[in-house]
Amino acid sequence: MKITGVELRRIAMPLVAPFRTSFGTETKRDVLLVRVVTPDAEGWGECVAMSEPLYSSEYVDEAAQVIQRFLLPALPNEVDALGVARALEPIKGHRMAKAAVETAILDAQLKASGESFGRFLGAAVDRVPCGVSVGIMDSIKELLDAVEGYIDEGYVRIKLKIEPGWDVAPVRAVRERFGDDVLLQVDANAAYTLVDARQLARLDEFGLLLIEQPLANDDLVQHAQLAKQLTTPICLDESIESAEHAAAAISLGSCSIINIKPGRVGGYLEARRIHDLCRAHGIAVWCGGMLETGLGRAANVALAALPGFTLPGDTSGSSRYYKTDITAPFELEDGHLNVPQGPGIGVEPVKEILEEVTTSTEWITV
Ligand code: SMG
Ligand code: MG
């Protein structure tokens, strides 16, 4: 496939409510979209890097720059999505930027051949159960109101963001109010250290599905030590940037569950590799989220339909974050989202809405 040109488009999407995690508060999403144009089809990739390097070292300005200066020039004349990661390998890191480029190329390629993302990746179901990620709030009352709203909307699993000072109390309050049957998990975004093991063990009595990324990104060994001190299963997010990391975490005993985010690991092909590896080792996986617009969400929902995704993902409906999405909105039906069936990612941006939220565009002739 020959690429004619690539558009880098930045959009600004206000969130319906502030989303607070242990590392910061998001009030709007500054998203970089990559549109790859070929003679036969065009494809979209959504870069999940945030505006600041707080979730990981990547951030959106830098992602745009690395794509333009290093990634696009490294692509061969005749490009095949299956060869993109290999071509970009000499450039270290920048997995979110690489994922956006690979996804756009894969979308164009699948649109040209008429195959859907789900079919290409190996989806086993046509709809996926959905969880929701609930931010840190100013009060327990505010949290309980938010959780009640999501349960009423049909979400089948609740994830609470936690940090030191906001862990046992919110979990206890949610359990007391909504009962033991609610699928409940927590995400610390690396806010603790091994010194906090006893505090984290206090969460054991609440029957959580998992605790996500309690310790720092590079603490695989400490996560393995923590796992021995908790009955709550440990799930890794930030720590896993590749199939190699997943293999190391599994053999060290650092986790028994992995949150797979295609952006964090360099793309959907690496995400599938991690899925395959985990499945072979009996490690459950689920699909994470980075507050994607409908473009990124569509591809995530397809990934979440693979057979090893045995836990509900952070694949919420569009309205969890956005009043107006740039694609037709993803809407929960009975706690599930349908896997798009059209070619490629199966969705398109709505032109007028896209123009309205666009803050800049750049056309690069390849
Ligand atoms: O898309 O629903 C979503 C976001 C889910 O909590 C979520 N993501 O660590 O898993 C995570 C966070 C990362 C982004 S926080 C601003
Ligand atoms: Mg997480």
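Residues numbered from 1 in each chain as written. Chains lettered and ligands numbered in written order. Predicted model: local features only at pLDDT ≥ 70, side-chain atom pairs only at ≥ 80, totals over all residues. Heavy atoms only, no water.

Enquirer: Could you give me a rundown of the pairing of strand S6 (residues 157-161), with the residues and numbers involved?
Expert: Most of S6 is tucked away: 5 of the 5 residues are buried. Burial along S6 is two-sided: Arg157, Lys159 and Lys161 facing one way and Ile158 and Leu160 facing the other are all buried. Pairing analysis gives 4 bridges linking strand S5 (residues 131-134) to S6, with the strands arranged parallel. Its bridge partner lying in S6, Val132 is registered against Ile158. Handedness of the β-α-β unit built from S5, helix H5 (residues 140-153) and S6 comes out right-handed. Between the parallel elements S6 and strand S7 (residues 183-187), the chain passes through helix H6 (residues 168-178) in a crossover that is right-handed. (Buried < 20%, exposed > 50% of the residue type's maximum accessible area, 1.4 Å probe, protein only. Helix = DSSP H or I, 4+ residues; strand = E, 2+ residues; numbered from the N terminus. Pairing = 2+ DSSP bridges. Right-handed = clockwise from strand over helix to strand, strands pointing away.)

Enquirer: Can you lay out the site of ligand 1 for me, pointing to particular residues and giving the numbers?
Expert: Around ligand 1 lies a shell of 20 residues, among which Ser133, Asn189, Lys261, Leu291 and Tyr321 are the nearest. Lys161 places a polar side-chain atom, nitrogen or oxygen, 3.0 Å from an oxygen atom of ligand 1. Lys261 is positioned with one of its side-chain polar atoms (N or O) 3.0 Å from an oxygen atom of ligand 1. Across the complex, the protein chains shield 100% of the 440 Å² of accessible surface that ligand 1 would expose by itself. Looking at the shell around ligand 1, the elements with two or more residues in it are strand S1 (5-21) and S6. (Near = heavy atom within 4 Å. Polar contact = N/O pair within 3.5 Å; in protein donor to acceptor, adjacent residues only side chain to side chain. Areas by Shrake-Rupley, 256 points an atom, 1.4 Å probe, with all protein chains shown as cover.)

Enquirer: Residue-level account of unusual backbone geometry, with values.
Expert: The phi angle of most residues is negative, glycine excepted, and most peptide bonds adopt the trans form. In the Ramachandran plot, His94 falls in the positive-phi region, its phi being about 55° despite a non-glycine side chain. Looking at the secondary structure, you find His94 in the loop between helix H2 (81-88) and helix H3 (95-113). The exposure class assigned to His94 is partly exposed, which follows from its relative accessible area of 24%. Phi at Ala190 is positive, roughly 70°, even though this residue is not glycine. Residue position: Ala190 is located in the loop between S7 and helix H7 (197-201).

Enquirer: So what's going on with helix H1 (residues 60-74)? Which residues, and what values?
Expert: Helix length check: H1, at 15 residues, gives a terminal C-alpha distance of 20 Å against a target of 21 Å (1.5 Å per residue), a fit within 8%. Of all the bends in H1, the largest measures some 45° and sits at Ile67. All of the buried residues in H1 are Val60, Glu62, Ala63, Ala64, Val66, Ile67, Leu71 and Leu72. Packed against the buried residues of H1 are S1, strand S2 (24-37), strand S3 (42-47), H2, H3 and strand S13 (358-365). (Expected span 1.5 Å × (residues − 1). Bend = angle between axes of the 7 residues up to and from the residue. Contact = heavy atoms within 4.5 Å.)

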